[in-house]
Amino acid sequence: MAAARGVVVAGDLSTEGILRVHGESRFRGKVNADGHLSVRNEDAWIMHTDDGQISVQGDLRVHGAFRSDS
């Protein structure tokens, strides 16, 4: 599927494979990834989840509670 201007989904959006978004993305509400999730800019990844770990390249800002068990 390709959309030249935009896509609005009023309910759930599910993909059976890879969902690639080129350009700016905005999510309101929850984003659930039942696998890997990568956030990239044009050159490199900014955030990547893999096997229960989260890697952040650059600054990390948390608004609200933060807990570390290490």
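Residues numbered from 1 in each chain as written. Predicted model: local features only at pLDDT ≥ 70, side-chain atom pairs only at ≥ 80, totals over all residues. Heavy atoms only, no water.

*Asks:* Please give an account of the overall build of the chain that cites residues and values.
*Replies:* Per the secondary structure count, the chain includes zero helices and three strands. Order of helices (α) and strands (β) in the chain, N terminus to C terminus: β-β-β. When its C-alpha atoms are laid out on the principal axes, the chain stretches across 45 × 30 × 25 Å. Across the 70 residues in the chain, those meeting the buried criterion constitute 1%. For the chain, the accessible surface area stands at approximately 7,600 Å², while carbon and sulfur atoms represent 46% of it. Seen as two clouds, the 8 positive and the 10 negative side-chain charges of the chain have centres 8 Å apart. (Helix = DSSP H or I, 4+ residues; strand = E, 2+ residues; numbered from the N terminus. Buried < 20%, exposed > 50% of the residue type's maximum accessible area, 1.4 Å probe, protein only. Areas by Shrake-Rupley, 256 points an atom, 1.4 Å probe, with all protein chains shown as cover. Lys, Arg positive; Asp, Glu negative; His and termini not counted. Charge placed at Lys NZ, Arg CZ, Asp CG, Glu CD.)

*Asks:* Let's hear about the pairing of strand 1 (residues 37-40): which residues, and what values?
*Replies:* Sheet topology note: the strand 1/strand 2 (residues 45-50) ladder contains four bridges and is antiparallel. Across the sheet, the residue bridging to leucine 37 is threonine 49, located in strand 2. Between strand 1 and strand 2, which pair antiparallel in sequence order, lie four residues. (Pairing = 2+ DSSP bridges.)

*Asks:* An account of the environment of histidine 22 is requested, with residue identities and associated values reported.
*Replies:* Positionally, histidine 22 belongs in the segment before strand 1. Sequence separation between histidine 22 and arginine 40 is 18 residues, and the spatial gap between their C-alpha atoms is 9.4 Å.

*Asks:* Kindly report on the sheet that holds strand 1, identifying the contributing residues and their values.
*Replies:* Across the sheet, which stays open at both edges, the three strands sit in the order 1-2-3 with antiparallel pairing between neighbours. With partners counted over all chains shown, the strands left at the sheet margins are strand 1 and strand 3 (53-56), one partner each. This sheet shows a mean twist of 5° between the axes of neighbouring strands, independent of strand direction. (Axes fitted to C-alpha atoms, helices over the stretch in contact; angles between N-to-C directions.)

*Asks:* Describe the pairing of strand 3, naming the residues involved and giving the relevant values.
*Replies:* Looking at chain direction, strand 2 and strand 3 are connected through four bridges and run antiparallel. Residue pairing in the sheet places methionine 47 in a bridge with valine 56 of strand 3. Connecting strand 2 to the next strand, strand 3, in antiparallel fashion are two residues, including aspartate 51 with a positive phi near 55°.

*Asks:* How would you explain the layout of surface pockets if you had to name every residue and give the values?
*Replies:* Considering only enclosed or pocket space, the largest pocket measures out at about 2,300 Å³ in volume. Lining of the largest pocket is provided by 40 residues; of these, Leu13, Leu19, Val21, Ser25 and Phe27 occupy positions nearest its centre. In terms of residues, the lining of the largest pocket owes the most to one element, strand 1, which gives four residues. Its residues assigned to classes, the lining of the largest pocket shows 16 nonpolar, 14 polar and ten charged. Space inside the second largest pocket adds up to approximately 330 Å³. Every residue along the wall of the second largest pocket is listed here: Leu37, Val39, Ile46, Met47, Thr49, Ile54, Val56, Asp59, Leu60 and Arg61. Every element with two or more residues in the lining of the second largest pocket is listed here: strand 1, strand 2 and strand 3. Top contributing element to the lining of the second largest pocket by residue count: strand 2, with three residues. Counted by class, the lining of the second largest pocket contains seven nonpolar, one polar and two charged residues. (1 Å grid on protein atoms, 1.4 Å probe; cavity = no way out; pocket = protein on both sides within 12 Å on 5 of 7 lines; lining within 4 Å. Points joined across faces, edges and corners; volume = space filled by probe spheres on them. Nonpolar A, V, L, I, M, F, W, Y, C, P; charged D, E, K, R; others polar.)

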